[in-house]
Amino acid sequence: MRASLTILLTICCAATYAQDTTHHPPDSMKVRDLNETVIIGYGVVKKRDLTGAVYTVKKDVIMQAPVANPLESLQGRVPGMDITRTNGTPGSGAEVLIRGTRSIAGSNGPLYIIDGLQGGSMAYLNPSDIESVEVLKDASATAIYGSQGANGVVIITTKKGKPGKTKVSYNGYYGANGYTQYPPPRLGESYLQLRREAWRASLNPGEILPDDATIFANAGEYDAIQKGQWVNWVDLLLHNSTQQSHSVSVSGGTDKTKAFMSFGYYKENGALKYTNLTRYSVRLNLDQEISRFAKAGIQSQINYSTLNKRKDPMSVALSTTPLGVPYDANGNVNIYPVAGNTNTLSPLTDDRGPTVATDQTIGTTVFMNGYLDLTPVKGLSFRSNLGTFISFNRAGIFQAATSLNRASDGTSYSEVTNGNTRFYNWDNVLTYNLNKGEHAITVTALSSYTHKDADTSNAAGIKQVLGTQLFYNLNATESTSRTIKSTYKGSATMSFAGRINYSYKGRYLLQLSERVDGASRLAAGHKWAGFPSVSAGWRISDEAFMRNLRHLDDLKLRVTYGVAGNSGIAEYGTQSGLTQANNISFGEVPAPGYTFNAVIGNTSLGWELSATTNVGVDLAFFNSRISASIDAYNTKTTKLLLLRTLPVSTGVSSVYQNIGSTNNKGIELALTTVNIAQQSFKWTSTLTFTTNRERISSLVGDKDMIDKETNSLLLGHPVKSFYTYQKLGIWQTEEADKAAMLRMGGTPFKPGTIKVADLNHDSIINDNDRAYLGSPVPKWSLGFQHTFTYRAFDLGIFLFARWGQMAYGEFLGRYNPSGEGGGPAFPNYWTPENPTNDYPRPKKGAKFGDYAAYQSLLYIDGSYFKLKNVTLGYTLPPAVSSRMNIEHLRIYATASNIFTKARSHLFNYYDPERGGAESSPLNKQVVVGLNVDF
Amino acid sequence: MKNYFLIIIMLAGINACSLDEYNPSGITADAIWSSPEGFVSVVNSAYSEQRAWYGKDNGEWMGEMGTDLWFNSQRANYANELMRYENFIPSKGNPNITTWKNMYTAINICNAGINRIGNAGFTDTVMRNQREGELRYLRAFYYWHVAEQWGGVILSTTETNSALTTATRSDIKEFYKLILTDLEYAARHLPVSYGSEYSRATQKSALAMLARAYLSCAYYYTGSEQQEYFKKARAAVDEIITRKAEFGVSLWDNYADVFNPKNNKQNKEALYTISNSLTYTLDYDANANRLHMWFLTTYSSKPGLQQSMDYGRDGTRYFMPTRALLDFFDDEKDSRFDGSFQTVWICNKAYTWTETDVKNYGKDPSLIGRTMVVGVDTAMYITKHTVADKRTRPYLVIDRDSVYNANGTIRVGNDYVALKKFMDPVTRSAANAQPGFLDILVIRLAEMYLIGAEAALQLGDNNAAAAYINVLRTRAAKKTPVDYTAAMQVSASDITLDFILDERARELAGEHIRWFDLKRTGKLVARIHTYNPDVTQVQEFHRLRPVPQTQIDALSNGAEFGQNPGY
């Protein structure tokens, strides 16, 4: 295989690697241009010649919403790409899946290529620096990335300078971030009633309910109740705050030298006090023509960011007694809000500021990519790309003795971690382009080397006296408490690849490619693997028999097949080793210990392989006023890596094995229509629709692998599936006899307990009664963008729906059946007088997890529909702006995440996009912004 | 132009690289455990997992809950599967699941050490055998817990180094063969003392564990074989007692001294200890020792009281004594009651009786305006006796009838006599701090006398049994103002298995052992029914814990391996 590639390397030909950018009108407004170039791996093709499933998103779309991470702006824009926001903290990212989950143990996130260089992160990019984003979905497009291509590839191209007049632009917005939806706590009479009911339910026969003084006997509690000191901790913790972004760019150049530079500033304040992200970025892209045959240039960016985080207090806020006096007379936080109770810490304790709780990460990332482009003879081009991505991080932590993190230890904690990551990538690409009559052929050969390593050092200590020193004087910690650590992790890959594109009459298209990857993280003898692809296209609309279909502008059929890999093996994943055991000492004598890694190594590991067949049709009618792409695909992933749980009795946890396979089948649709195109009024729509069916098609031993509720692997079901008891309701009073016939763990059920299905009808509820309930994978998702322009006004409305998935509602488990401490107000619980089927009867001193089959209540329908964005803009008429020496000026207001409707009523107080987690709820944003070009 | 071609060829050819993995921060077993200095790290880590059990909730939940001695504080429903045997299914009961994991993790390390010691390059045979003795002591220690909690489950003596997904059951007697062989080896080779490293296993620890193991092993046999094991148990006890001076162990003169924090380190009654240090980097984890808080009653909200270092953190309470436990003591004669329980709380916050409190606490209105003096006046008195004039006393009185119903079930359970053995006013960082750093006595000398007595009883020698017990009762007898030593003595006719279990309760309540005692003697169900009437669901099959579902799910022969009966 390698030999054949070496031969490929000696063949030659050309297409320019870099894309020539022209200024595009807003994406949704323009008719389809088939001569537009599309960036593919290690090259570009004209859209008309594209055979793979590649979707392009232009800069306007990326600029549409106020986001820290440009990835989020792709949500619902790319058919087949499932994006959800990770959480609501400043700087949080987005979860991205392209065409479902293939891998169990490995990453399912795509590969990001920024200006030809891998290893970077979209999170570092300033959205207004982005020219375009291409999403490569099928294996014929991604196989050229070999072992990293299976999850799809996202190629980001930043802006370049253009010859001519120097252009100065400002893009910015300012607005509010917050209005968080969160389940309100149970307060007042409802709170009292729950505890009384818990006591009532636990009375011995003949006993009467004690008085409130006995029931509410925790320190200071009864007193606070009598004084009516109810506190809504959630409200006190969550604030509406601000978000802003400003970016200035200068671009221009001569025929020989072109430059684009920008400066960006982004600041987001979180819903929790003292949480924020500040980011500065500077970019310089330079292209220089050296001679007629040679070009060189750089793309570079430096980012500097400061992120301030906090321990998420939401679970504490929900579960802490909603009583007491939160602030003293001076407005300072009362650490112990209930007078006389020094065991219950205020959830607001970290609101006191950095000297109580600091968790600050400062990061600098440097992205430098230099290229040399040679075109010694016509048709032949050679490009060498040497890129590096370097990051430095410092994470500092200080937690006072009365912070949320340290209250139970009662000592302060200081820690500092320094991390360095180095990555470099060297690609050499030879391209030869030959057009002879009706034949066009492009041959590409390339080699690619990547090297990545990272090291960290960490020091920590406790009992630092002064909080004001934060983590800047670890010498002030108790010397005997100090710990130090350092780590190293490194890997390298070497790859060769070749590709041939052939076109006959521009009507019949064929592409063949092969990539061979070697990776250091695989054991000797398993290091190399090959990834082939083949694809064909047929422009049916160019055929003579189609000519008389007047309204058909384009009809193309694409059929592709390819194999890509998933780099789901961690560094050293094939090695068995030891780790430092917990601290051990005998008396005061330290005794270092080593114990086995929880994961034992497996030297026979290889890449997971995803083979995808894709059939696509591109269509355009009525002068391209209607255009559509439809793709259907079938991906079979084999040699699936699994961190297989070993029986606990082995004394180790797990081992990586290549076992089993998954299958993803789906249909994607993108439809753009120009509904109205009059002089002063235009209305265009873009609809994207995705449906994907994901299932595990084989597993070792041909049986389900049962683990916890959220970790079981079930044949015929998606990788992430929920497997537990099936809730039928709550046992009612009149069903007492029937309930008593059913037992769990030897204990009979009774009215007020959870009624679950006895699947095998043996009158015993046990682990054999667990079943597949659902999966967080949506059945379908949909994005629907409408853009209206009326004279100088434009209005964009973006709708998003994600349907058919199940959510694990962590907050649903916050039902507090003992009534001790706090809990959300919504759970409607059973009492003899309230025969609900929602929640079981309260129980004295019980946690929800103490209930038989409580798991069955935590999984609910997660479907939702969202009004994701509404933007209203006004562009100054050119006649006015030119008088002010302004080329273009637009002001706009955008509201994001404004309205969500979930299918389940249990999500009424919660943004379901968060997926059910109780920490870091998602926020809404309202901003006003300005775009000016001079 | 030619130059460009040259550059292309150069650049295209340069991409050559090494794909060997570089892992300087990793470490392998073969490298570190091949020298005597490195080998000690496997011995040390073999101690690790027991520190997740003793002094932690896992150990107290599985060693003391669900017996005749305790019920949930406040009659709560916490850890119902272990306390009330309700809904005890194999996928529930976290201590059951984590303990299984801890034990087998440790056993794998012990196996690795025992099998690799030959390659560790020891030249000093004594040192080599001592290290092997520690590893064998620990393996037996873990397997004893496994065998008693789960019965004849998986008995492995090899290190896991492949993806082993099947398992077979071994007979309980096979377990004990290995346990006893290991402990006999340890008793032969361990040193008498490890000096300042006093919490390592030494000869006395091995003998003590051997006594325990012989005693519990005997119950799996009948007839002469059984008698043989009881004899061996007694012999092990006698050896410890005879060599007390050599081992440097002895009983404290007063029972209360055993638990005095001043005597905690290198406690002279300890046969095996888990040590904690105020140097936190030496401790297994940040939890260290939390025994101090789980047995407390709510005092900090009561008139005249606030949370203090002396009275402990009362924010997390789980265990309240059954009425039976309190009644096992004759508190007039037996100092162990006062040595184990707190009944009086002295005012530690200036206080004047208010009208509301008088009403809330059912006191006599004449007390309104009455003040308490800090450090002088009693603020709260909780007693197992009945108090007639509790209304009029100028402090809170919670007596027998306000805690327990006539049939012994618990009324409200908010307030009760609290076990104070583990209180830690010394090492904790604040009154409300959870981690304590006192040592944990895993086996102490007094237990040997009880093992001796039980073995003697089972061998038909009640006189000897009484003699063992009288050693403890002599110490326990109150000496002033009246000397009850004589009155506390028992005779051969007093000795029954139930009496020994009562005596064990008086001596060892709360010390991670009660469940094992009831299980061993077959008295679990009967004594719970008699003494802990709030626990209604216990059945005979509960003498074994369920094998965690995660274990069975991960086995490819899970169905064949099967669950313990009843679950």
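Residues numbered from 1 in each chain as written. Chains lettered and ligands numbered in written order. Predicted model: local features only at pLDDT ≥ 70, side-chain atom pairs only at ≥ 80, totals over all residues. Heavy atoms only, no water.

Novice: I'd love a proper account of empty space enclosed by the protein, names of residues and values included.
Specialist: Residue and element names in this part refer to chain A. Applying the stated rule across the entire model yields 14 cavities of 30 Å³ or more. Within this model, the largest cavity holds a volume of roughly 270 Å³. Along the walls of the largest cavity sit 29 residues, with Pro-66, Val-67, Glu-72, Arg-85 and Gln-925 positioned nearest its centre. Of all the secondary-structure elements, those providing two or more residues to the lining of the largest cavity are β12 (257-269), β44 (864-875) and β45 (888-902). Along the lines of polarity and charge, the residues of the lining of the largest cavity split into seven nonpolar, 17 polar and five charged. (1 Å grid on protein atoms, 1.4 Å probe; cavity = no way out; pocket = protein on both sides within 12 Å on 5 of 7 lines; lining within 4 Å. Points joined across faces, edges and corners; volume = space filled by probe spheres on them. Helix = DSSP H or I, 4+ residues; strand = E, 2+ residues; numbered from the N terminus. Nonpolar A, V, L, I, M, F, W, Y, C, P; charged D, E, K, R; others polar.)

Novice: Explain the pairing of strand β20 (residues 508-519) of chain A to me, using residue names and the numbers behind them.
Specialist: Each regular strand shows side chains that alternate between the opposite faces of the sheet. Residues and elements named next belong to chain A. The buried count for β20 comes to nine of 12 residues, which makes it a mostly enclosed element. In terms of strand pairing, strand β19 (residues 483-504) meets β20 through 12 bridges, oriented antiparallel. Looking across to β20, one finds that Ile-500 is bridged to Leu-512. Hairpin connection from β19 to β20: three residues lie between these consecutive antiparallel strands, with Lys-505 at a positive phi of about 60°. Here 11 bridges tie β20 to strand β21 (residues 528-539), and the two strands are oriented antiparallel to one another. Looking at the pairing, Asp-517 lines up with Ala-529 of β21. (Buried < 20%, exposed > 50% of the residue type's maximum accessible area, 1.4 Å probe, protein only. Pairing = 2+ DSSP bridges.)

Novice: If you had to explain the sheet that holds strand β8 (residues 378-382) of chain B to someone new, which residues and values would you point to?
Specialist: Residues and elements named next belong to chain B. What the three strands build is an open sheet, ordered β5-β8-β9; its pairing is mixed. Every other strand in the sheet has two partners, leaving β5 (344-346) and β9 (396-398) as the edge strands with one partner each. Along the sheet, successive strands turn relative to each other by an average axial angle of 10°, direction set aside. Both β8 and β9 contribute to a ladder of three bridges, which runs parallel. Of the residues in β9, the one forming a bridge with Ile-382 is Ile-398. (Axes fitted to C-alpha atoms, helices over the stretch in contact; angles between N-to-C directions.)

Novice: Outline the nonpolar core, listing residues and values.
Specialist: Counting 172 residues, the largest nonpolar core has Tyr-137, Ile-179 and Met-448 of chain B as its most contacted members. Of the domains in this structure, domain 1 (27-190 + 527-567) and domain 2 (280-438) of chain B are the two that each give at least three residues to this core. Contacts of Met-448 of chain B, omitting those with residues within four sequence positions, involve Ala-208, Ala-211, Val-237, Ile-240, Leu-271 and Ile-443 of chain B. Counting residues in hydrophobic clusters, the runner-up holds 39 residues, among them Phe-722, Ile-765, Leu-812 and Phe-848 of chain A. (Core = buried A, V, L, I, M, F, W, Y, C linked by side-chain atoms within 4.5 Å. Domains from an automatic or database assignment. Contact = heavy atoms within 4.5 Å.)

Novice: Which residues make up the side chain of Gln-434 of chain B, and what values go with them?
Specialist: With respect to the helices and strands, the residue Gln-434 of chain B is situated in the loop between β10 (418-419) and β11 (440-444). Residue classification places Gln-434 of chain B among the buried positions, given a relative accessible area of 14%. Of the polar contacts made by the side chain of Gln-434 of chain B, one reaches the side chain of Arg-290 of chain B; its length is 2.8 Å. In this view, Gln-434 of chain B contacts Ser-408 of chain A together with Asn-289, Arg-290, His-292, Met-293 and Arg-313 of chain B; residues no more than four positions away in its chain are not counted. (Polar contact = N/O pair within 3.5 Å; in protein donor to acceptor, adjacent residues only side chain to side chain.)

Novice: Can you explain the sheet that holds strand β3 (residues 54-58) of chain A? Please cite residues and give values.
Specialist: Residue and element names in this part refer to chain A. Ordered in space as β3-β8-β9-β6-β7, the five strands form an open sheet in which the pairing is mixed. Looking at which strands have only one partner, the edges of the open sheet turn out to be β3 and β7 (117-118). As judged from the four bridges shared by strand β6 (residues 111-114) and strand β9 (residues 153-158), these two strands associate in the parallel manner. Paired with Ile-113 across the bridge in β9 is Ile-155.

Novice: I'd love a proper account of helix α4 (residues 188-201) of chain A, names of residues and values included.
Specialist: Because an α-helix packs 3.6 residues into every turn, residues spaced three or four apart end up facing the same way. Residues and elements named next belong to chain A. Between its terminal C-alpha atoms α4 stretches 20 Å, which fits the 20 Å expected from 14 residues at 1.5 Å a residue. Where α4 is concerned, the buried positions are Gly-188, Tyr-191, Leu-192, Leu-194, Arg-195, Arg-196, Glu-197, Ala-198 and Trp-199. The inward-facing, buried residues of α4 contact α5 (212-215) and α6 (221-226). (Expected span 1.5 Å × (residues − 1).)

Novice: Describe the interface of chain B and chain A, with residues and values.
Specialist: Every contact between the two is made by 110 residues of chain B and, on the other side, 112 residues of chain A. Summing the contributions of chain B and of chain A, the shared interface buries around 8800 Å²; its carbon and sulfur component is 55%. Applying the counting criterion to the chain B and chain A interface returns two salt bridges. With a shortest N-O distance of 3.4 Å, Asp-553 of chain B and Arg-770 of chain A are connected by a salt bridge. Applying the counting criterion to the chain B and chain A interface returns 44 residue pairs in polar contact (both at pLDDT 80 or more). Contributions of two or more residues to the side of chain B that touches chain A are made by α1 (2-14), α2 (29-32), α3 (36-48), α6 (94-116), α16 (355-360) and α24 (549-554) of chain B. (Buried area = accessible area lost by both parts, 1.4 Å probe. Salt bridge = Lys/Arg side-chain N within 4 Å of Asp/Glu carboxyl O.)

Novice: I'd like a rundown of the UniProt feature "domain: TonB-dependent receptor plug" (unreviewed entry) in chain A, residues and numbers included.
Specialist: The sites that UniProt annotates as "domain: TonB-dependent receptor plug" (unreviewed entry) are residues 46-153 of chain A. Regarding residues 46-153 of chain A, the helix share stands at 7% and the strand share at 28%, and the terminal C-alpha atoms are separated by 19 Å. (UniProt positions renumbered as here; feature names shortened; annotations may be inferred.)

Novice: How would you summarise the environment of Ile-860 of chain A if you had to cite specific residues and measurements?
Specialist: All names here are of chain A. Tracing the backbone shows Ile-860 in strand β43 (residues 859-861). Overall, Ile-860 belongs to the buried group, its relative accessible area being 10%. Considering only alpha carbons, one finds Ile-860 and Asp-794, 66 residues apart in sequence, at a separation of 39 Å. Ignoring sequence-local partners within four residues, the contact set of Ile-860 consists of Gln-805, Met-806, Ala-807, Leu-812, Ser-904, Leu-906 and Phe-907.

Novice: Outline the pattern of salt bridges, listing residues and values.
Specialist: Residue and element names in this part refer to chain A. Taken as a whole and assessed by the stated rule, the structure comprises 85 salt bridges over all chains. Of the charged contacts in the structure, one is a salt bridge between Arg-515 and Asp-517, with a shortest N-O distance of 2.7 Å. Of the two residues, Arg-515 and Asp-517, neither departs from the other in class, the shared state being buried. For Arg-558, the salt bridge goes to Asp-618, with nearest N and O atoms at 2.9 Å. Placement of Arg-558 in strand β22 (residues 552-566) and of Asp-618 in strand β28 (residues 608-621) is noted, with a sequence separation of 60 residues between them. A residue is classified by how much of its surface remains accessible, and Asp-618, at 8% relative accessible area, is buried.

Novice: So, the confidence of the model for chain A: which residues are in play, and what are the values?
Specialist: Residues and elements named next belong to chain A. This prediction gives chain A a mean pLDDT of 88; 96% of its residues lie at or above 70. Per-element mean pLDDT across chain A ranges from 36 in helix α1 (residues 2-10) up to 96 in strand β38 (residues 754-756). Within the model, pLDDT remains below 50 along residues 1-32, and this stretch shows 90 contacts once partners closer than five positions in the same chain are excluded. (pLDDT = per-residue confidence, 0-100.)

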